[in-house]
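Examining the three-dimensional arrangement
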Amino acid sequence: MSPRLSSVAQRAPREWGGSAQNIDYSALHQLAPYIGKLKPVIARQLLREFTSSGDIVLDCFSGSGTIPLEAVMLGRRTLAFDTNPYAVALTRAKLEAPLSLEAANEQLTQRICDSQKRSQYDLRKIPLWVRKFFHPRTLQNAIRFADECIEKDDQFLLACLLSILHHQRPGFLSYPSSHLVPYLRDRKFPKVQYPEMYVERELAPRLAAKLVRTYKYGGAINRSSVLEVARTGVADLKLDFEVDAIVTSPPYMNALDYVRDNRLRMWFLDRSTVDYSPEPTERQIQSDAITAAFASNALKYLRKGGYCVLVVGETVLRKRIKTHPAERMLAKLTSEYPKLKVERVIRDTIPDVRRSRKTGAATKRELVLVLKKG
Ligand SMILES: C[S@@+](CC[C@H](N)C(=O)[O-])C[C@H]1O[C@@H](n2cnc3c(N)ncnc32)[C@H](O)[C@@H]1O
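Residues numbered from 1 in each chain as written. Predicted model: local features only at pLDDT ≥ 70, side-chain atom pairs only at ≥ 80, totals over all residues. Heavy atoms only, no water.

Brief notes about the pattern of salt bridges
- Here the structure, examined in full by the defined rule, presents 14 salt bridges.
- Between R111 and D154 there is a salt bridge whose closest N-O contact spans 2.7 Å. Highlighted residues: R111 in helix α5 (residues 101-116) and D154 in the loop between α7 (136-151) and α8 (155-163), separated in sequence by 43 residues. This pair shows no difference in class: R111 is buried, exactly as D154 is.
- Of the charged contacts in the structure, one is a salt bridge between E151 and R118, with a shortest N-O distance of 3.0 Å. Placement of E151 in helix α7 and of R118 in the loop between α5 and α6 (128-131) is noted, with a sequence separation of 33 residues between them.
- Residue class for R118 comes out partly exposed when judged on its relative accessible area of 22%.
- If you follow the salt bridges from partner to partner, you end up with R118, E148, E151 and K152 in one network. (Salt bridge = Lys/Arg side-chain N within 4 Å of Asp/Glu carboxyl O. Helix = DSSP H or I, 4+ residues; strand = E, 2+ residues; numbered from the N terminus. Buried < 20%, exposed > 50% of the residue type's maximum accessible area, 1.4 Å probe, protein only.)

This is how it looks when you write it as structure tokens:
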């Protein structure tokens, strides 16, 4: 860390290290997995400290929607953007969830019924890498259910489907596989030894169980506080008004790949996304471009005196990467906005359970930069 950042860095409050399964937090936060997801406790504390009731809070890298959901629950208004269609579906799902379990169940019955009336897919036309994950009848029903949700713009049930798409547990739809990033576990659980893991998985009871889990602690969201959620990259961001605060976590440079790691869920959202590069997409050069776009397209909407709170993942340094992302980002932002003042820097260590990759170029620490627009 540069002397500038280290001289002001504080340790994260102890509760940031606690369990995310806190009864105080909406179960909507656990709607579906997302790599690099922020802990609700961090989002809540930052929003409480640096925003006020009724404030407009912008999250231009919304991911799974942790910050927008917490913002609305704290009585703020929110704007959420991300380039990844799975992220946008998930953020919308959380903010558009039916108001009660009863309402959600009614919606589910209707969707299941209508999806069964849809014409059958020719499964031979589905890419083999997708077919490998499912029993043919499960796949047939899952695609038709996804289509029905997409047609009705029902992001909530669509996200519920995506959340139970792959895992090795019986409540999920795939053959035995991992949960966060989709890999088949057919070597660990061969069909001859575990035939029960390779039978058809019915959608309706699994989705109904998912709804019960989701509404465990209630789930009412004030939708009038949601100003906009859209699939928009920061380079294309355009707003008609100023915001009171920006609270966001930019992509973790060179460490996470939000497209590749969500490939199966993304295929269900957009059938044309067949090819995935095995290379990570968040390279340093792209990261710099994202920072530059953030400086010119997001910061300009922050009102004078408003806070910009950035949760920046610290990638393990490699030969080609000489500086920490937070330092690099701060240097770029302050060169564009010299009146941006560093109010606080908080250093947080990410526990192994929250990291998608526990070795290599994984993110082990994050720095929270709290900046104030002068
Ligand atoms: C660290 S994640 C955000 C995690 C989020 N705070 C959460 O709790 O789930 C960064 C997000 O930035 C998104 N992203 C990457 N490049 C982007 C761009 N150019 N414009 C907008 N979003 C982008 C990724 O899709 C990813 O969802």
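Some details on the environment of T291
- Mapping T291 onto the fold places it in helix α11 (residues 284-298).
- For the pair T291 and A235, spaced 56 residues apart in sequence, the C-alpha separation works out to 9.5 Å.
- Here T291 is in contact with M329, K332 and L333, once residues within four sequence places are set aside. (Contact = heavy atoms within 4.5 Å.)

A closer look at the packing of aromatic side chains
- One pass over the structure, following the stated rule, counts nine aromatic pairs.
- Pairing F133 with F134 gives two aromatic rings, centres 6.4 Å apart and planes at 50 degrees, and the pair type is tilted.
- Aromatic side chains F156 and Y215 sit 6.1 Å apart centroid to centroid with 70 degrees between the ring planes, which places their arrangement in the edge-to-face category. Of this pair, F156 sits in helix α8 while Y215 sits in the loop between α9 (203-214) and β4 (226-231), and the two are 59 residues apart along the sequence. Summarising the burial analysis for this pair, F156 and Y215 share the class buried.
- Three or more aromatic residues link up through ring pairs in this structure, and these residues are F133, F134, W267 and F268. (Phe/Tyr/Trp six-rings, centres within 6.5 Å; stacked < 30°, edge-to-face > 60°.)

Looking at the site of the ligand
- By nearness alone, 22 residues border the ligand, and Y34, S64, T66, D82 and S249 come closest of all.
- The side chain of D82 places a nitrogen or oxygen atom 2.7 Å from an oxygen atom of the ligand.
- Protein chains bury 95% of the 600 Å² of accessible surface belonging to the ligand in isolation.
- Across the shell around the ligand, the residue classes break down as 10 nonpolar, 10 polar and two charged. (Near = heavy atom within 4 Å. Polar contact = N/O pair within 3.5 Å; in protein donor to acceptor, adjacent residues only side chain to side chain. Areas by Shrake-Rupley, 256 points an atom, 1.4 Å probe, with all protein chains shown as cover. Nonpolar A, V, L, I, M, F, W, Y, C, P; charged D, E, K, R; others polar.)

Quick notes on the pairing of strand β3 (residues 77-82)
- Burial analysis of β3 places five of its six residues in the buried class, the great majority of the element.
- Pairing of strand β2 (residues 56-59) with β3 involves four bridges; the strand directions are parallel. What sits directly across from L58, in β3, is L79.
- Remark: the β2/helix α3 (residues 66-73)/β3 crossover connection has right-handed handedness.
- For β3 and β4, the ladder comprises five bridges, and the chain directions are parallel. By the bridge assignment, T78 is partnered in β4 with V226. (Pairing = 2+ DSSP bridges. Right-handed = clockwise from strand over helix to strand, strands pointing away.)

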